[in-house]
Amino acid sequence: MDTAAPGPIYRADPPGGLVVVPLDAFTAVYHRRSGMTHLLTEPAPQILAILGDAGLSLGALLDRLADDYDLADATASALAARLDELVAAGLVATS
């Protein structure tokens with residue numbers, strides 16, 4: 001029996017909570033709740049788009065990203081680092 005606690009579920013704001021505007025190599029993301037605008041580069045905008053407010057585990061998110069994008073060198077630890085940055089910026093929440 002596996003008694004390990006499941007990892008966190010990551011969620012972005014509900015629809016309408018973020019205004020996303022592509023700007024060449026950057027993506028501007030206006031976070032309505034905080035009133036802050038963030039400039040992001042890949043893969044952060046793609047992570048936000050896939051997460052949505054339904055939420056995904058780290059493994060499920062990595063699988064979805066791999067399905068949608070060519071991820072030659074993607075690792076769970078690299079994705080976890082990006083998610084930690086998005087959590088620190090207030091754009092992603094965990095539960």
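It should be noted that the structure appears before, not after, this text.
Scope of this entry: the structure provided in the associated data block. (Residues numbered from 1 in each chain as written. Predicted model: local features only at pLDDT ≥ 70, side-chain atom pairs only at ≥ 80, totals over all residues. Heavy atoms only, no water.)

Some thoughts on the layout of surface pockets
Right, on to step 1. By volume, the largest pocket is sized at about 270 Å³.
Right, on to step 2. Looking at the lining of the largest pocket, the elements that each hand over two or more residues are helix 1 (44-51), helix 2 (58-68) and helix 3 (76-88).
Right, on to step 3. For the lining of the largest pocket, the leading source of residues is helix 3, giving three residues.
Right, on to step 4. Of the residues contributing to the lining of the largest pocket, the split by class is nine nonpolar, two polar and three charged. (1 Å grid on protein atoms, 1.4 Å probe; cavity = no way out; pocket = protein on both sides within 12 Å on 5 of 7 lines; lining within 4 Å. Points joined across faces, edges and corners; volume = space filled by probe spheres on them. Helix = DSSP H or I, 4+ residues; strand = E, 2+ residues; numbered from the N terminus. Nonpolar A, V, L, I, M, F, W, Y, C, P; charged D, E, K, R; others polar.)

Some words on unusual backbone geometry
Right, on to step 1. Residues glutamate 42 and proline 43 are joined by a peptide bond in cis, for which omega reads 10°.
Right, on to step 2. Position of proline 43 among the secondary structure elements: in the loop between strand 4 (36-40) and helix 1.
Right, on to step 3. Notably, aspartate 24 is not glycine yet its phi reads approximately 55°, a positive angle.
Right, on to step 4. Tracing the backbone through its elements, the reader meets aspartate 24 in the loop between strand 2 (18-23) and strand 3 (26-31).

Re the sheet that holds strand 1 (residues 9-12)
Right, on to step 1. The three strands lie next to each other as 5-1-6, forming an open sheet whose pairing is antiparallel. Every other strand in the sheet has two partners, leaving strand 5 (56-57) and strand 6 (92-94) as the edge strands with one partner each.
Right, on to step 2. In this structure, strand 1 lies alongside strand 5, joined through two bridges in antiparallel fashion. The partner of isoleucine 9 across the bridge, within strand 5, is serine 57. (Pairing = 2+ DSSP bridges.)

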